[in-house]
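Report on the structure
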Amino acid sequence: MKDVVTTSAVFFNYALLAVFAQNAVFTRALGVSRLVQLVGDDRISSWLFGMQLCITQILVTPLAWYAGSRIAPLANRAQLRPLVYIASIAVVCLLEHAVLWLAKGLPHRSALLRIVPLAGLNSCVLGTVLVERTQSFTLGQSLGFGLGSGLGYVLAVLLVTEARHRLRSKAIPEAFRGLPITLVYIGVLALAIYGFTGHSVIL
């Protein structure tokens, strides 16, 4: 029972760490280009995208962790690692696509089929897996960090979406409207999070 409690505590600690202190968007700028496109695209639901990204992160994590441990003894593991992780992401995306294709009565099925490749090819997924492996996380830590990174991405999307109407204010100089002010806003949020954590959190 003690091992279960300890493993659960580690999982949730790493998930919370990835959501706030080590947010993939605000501390590593992973997936910023997709986030900016997502905020301005009313055809794609932010919630559906975030949910699909979380599912992809969770499914990729054990596969990538296992594949990474298999190539760890090899001399050229540094060169193979990105290729192996990209292959892991591709396998998971194909499986997700097949499941959605077969689930005919699923709500939002057509939207999810459109979102699967966008979520899988997001740099947040590959970047998170690379961070997990380079920091030698255990499987439990990797699963927690993967889930937290997905939730942290959703948080970033919601923060930028919430501020979108304010970023259209006429008080903003014309040269800064649109993409420039959005990037400035993301940068300010990143500085705020960095101000809370500084160098105290090392991953």
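Residues numbered from 1 in each chain as written. Predicted model: local features only at pLDDT ≥ 70, side-chain atom pairs only at ≥ 80, totals over all residues. Heavy atoms only, no water.

Take the nonpolar core next. In this structure, Val-25, Phe-26, Leu-35, Phe-49, Val-60, Tyr-153 and Ile-186 are the most contacted members of the largest nonpolar core, which totals 36 residues. At the level of elements, helix 2 (24-28), helix 3 (32-40), helix 4 (46-71), helix 5 (77-102), helix 6 (109-120), helix 7 (123-134), helix 8 (139-162) and helix 9 (179-197) are the ones that each hand at least two residues to this core. For this core, the element with the highest residue contribution is helix 6, accounting for 6 residues. The contacts of Val-60, once residues within four sequence positions are left out, are Ser-88, Ile-89, Val-92, Val-125 and Val-129. Judged by nonpolar contacts, the second largest core, of 5 residues, contains Tyr-14, Ala-18, Val-131 and Phe-145. (Core = buried A, V, L, I, M, F, W, Y, C linked by side-chain atoms within 4.5 Å. Buried < 20%, exposed > 50% of the residue type's maximum accessible area, 1.4 Å probe, protein only. Helix = DSSP H or I, 4+ residues; strand = E, 2+ residues; numbered from the N terminus. Contact = heavy atoms within 4.5 Å.)

This paragraph deals with helix 3. Taken residue by residue, helix 3 has Val-32, Leu-35, Leu-38 and Val-39 as its buried positions. Buried residues of helix 3 fall within an arc of 120° about the axis and therefore sit on the same side. Exposed and oriented more than 90 degrees from the buried face of helix 3 are Ser-33 and Gly-40. (Arc of directions from axis to C-beta.)

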